[in-house]
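Residue strings, one per chain:
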Amino acid sequence: PGTLSSAESDKYIQNQRKLEFAGFQIEGEEQDVLMAGIPVTSGPRVILCSAFSISQEELKEKINADSELTITRRSSLVLEGHNLKIDGLSLDGALTIHTGDDTYVTVKDLKVQNKGWTLTDLPEDDPSIPEYVRIRGYTMTKHETAEYHLYEPGHFVIQSDGKVQKLE
């Protein structure tokens, strides 16, 4: 059906396909879940901001297909940054990376496992919930997220243990 939640789900599915094209393996069985009676993707929920990639060619330049690239169905991933590259990522949970225009970041064999985000049905007829939230039919409950906000000019590596190293 043509709803806000189904459109959002379609965008996630489109970005799942982009990740697979770039070399990611999506772990787990693909299945729809019902939110407010509307089928949406079980995940992963992926946002590839235009600052990260707008073409398949650019996506393949930014993601090293020869590295280990896995993401589970329950995961949520947000990537934003013109100079962000992925050279190995194993994600089971939630990860967001935001970088500045003069910030060069390489994700190197990062392993993230946390509680992540879940879809939560909204109670029916609750006037305290704003209309712009109700129209979606559900909300995203953010339990735990690995977050990186790197805006300082320079070159950085996010290492396998999650630590950020500034390169000289």
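Residues numbered from 1 in each chain as written. Predicted model: local features only at pLDDT ≥ 70, side-chain atom pairs only at ≥ 80, totals over all residues. Heavy atoms only, no water.

A. Region of interest: the overall build of the protein. Assigned secondary structure in the protein consists of three helices and 14 strands. In terms of C-alpha radius of gyration, the protein reaches 17 Å, essentially the compact-globule figure of 15 Å for 168 residues. C-alpha atoms of the protein, sized along the principal axes, occupy 55 × 30 × 25 Å. Excluding contacts between residues fewer than 6 apart, the proportion of contacts in the protein whose partners are at least 24 apart in sequence is 54%. When the accessible surface of the protein is split by element, carbon and sulfur atoms take 48% of a total near 9200 Å². Of the charged side chains in the protein, 17 are positive and 28 negative; the average position of the first set lies 2 Å away from that of the second. (Helix = DSSP H or I, 4+ residues; strand = E, 2+ residues; numbered from the N terminus. Rg over C-alpha atoms; globule rule 2.2 N^0.38 Å. Contact = heavy atoms within 4.5 Å. Areas by Shrake-Rupley, 256 points an atom, 1.4 Å probe, with all protein chains shown as cover. Lys, Arg positive; Asp, Glu negative; His and termini not counted. Charge placed at Lys NZ, Arg CZ, Asp CG, Glu CD.)

B. View of the pattern of salt bridges. Going through the model one piece at a time under the given rule, you end up with eight salt bridges. Between Glu152 and Lys166 there is a salt bridge, with its nearest N and O atoms 2.6 Å apart. With Glu152 in the loop between strand 12 (146–150) and strand 13 (154–158) and Lys166 in strand 14 (residues 164–167), this residue pair connects regions lying 14 residues apart in the sequence. Through salt bridges that share partners, Asp87, Lys108 and Asp109 make up one connected network. (Salt bridge = Lys/Arg side-chain N within 4 Å of Asp/Glu carboxyl O.)

C. Seen up close, the side chain of Glu8. Residue position: Glu8 is located in helix 1 (residues 4–22). On the accessibility criterion, Glu8 (18% relative accessible area) is buried. (Buried < 20%, exposed > 50% of the residue type's maximum accessible area, 1.4 Å probe, protein only.)

D. Focus on the sheet that holds strand 6 (residues 76–80). Strand order in this open sheet of four strands is 4-6-8-12, and the pairing throughout is parallel. Among the strands making up the open sheet, the edge pair consists of strand 4 (45–48) and strand 12. Strand-to-strand twist in this sheet, taken as the mean axis angle between neighbours without regard to direction, amounts to 5°. One ladder, built from five bridges, connects strand 8 (residues 94–99) with strand 12; its direction is parallel. Bridge assignment links Thr99 to a residue of strand 12, and that residue is Leu150. (Pairing = 2+ DSSP bridges. Axes fitted to C-alpha atoms, helices over the stretch in contact; angles between N-to-C directions.)

E. The pairing of strand 2 (residues 32–35), seen in detail. In this sheet, strand 3 (residues 38–41) lies alongside strand 2 in antiparallel orientation, the contact comprising four bridges. Directly across from Met35, in strand 3, lies its bridge partner Ile38. Here strand 2 folds back onto strand 3, and the loop between the two strands holds two residues, one of which, Ala36, carries a positive phi near 55°.

F. Local environment of the sheet that holds strand 13. Taking strand neighbours across the sheet as the criterion, the six strands line up as 1-5-7-9-13-14 in an open arrangement whose pairing is mixed. On the outer flanks of this sheet lie strand 1 (25–27) and strand 14, each paired with one strand and no other. Ignoring strand direction, the axes of neighbouring strands in this sheet form an average angle of 25°. Taken together, the three bridges between strand 1 and strand 5 (residues 69–72) define a ladder with parallel strand orientation.

G. Fine view of the packing of aromatic side chains. Inspection of every chain in the model, using the stated rule, returns zero aromatic pairs. The ring of Phe21 is capped by Lys60, whose NZ or CZ atom sits 4.7 Å from the centre of that ring. (Phe/Tyr/Trp six-rings, centres within 6.5 Å; stacked < 30°, edge-to-face > 60°. Lys NZ or Arg CZ within 6 Å of the ring centre and 35° of its normal.)

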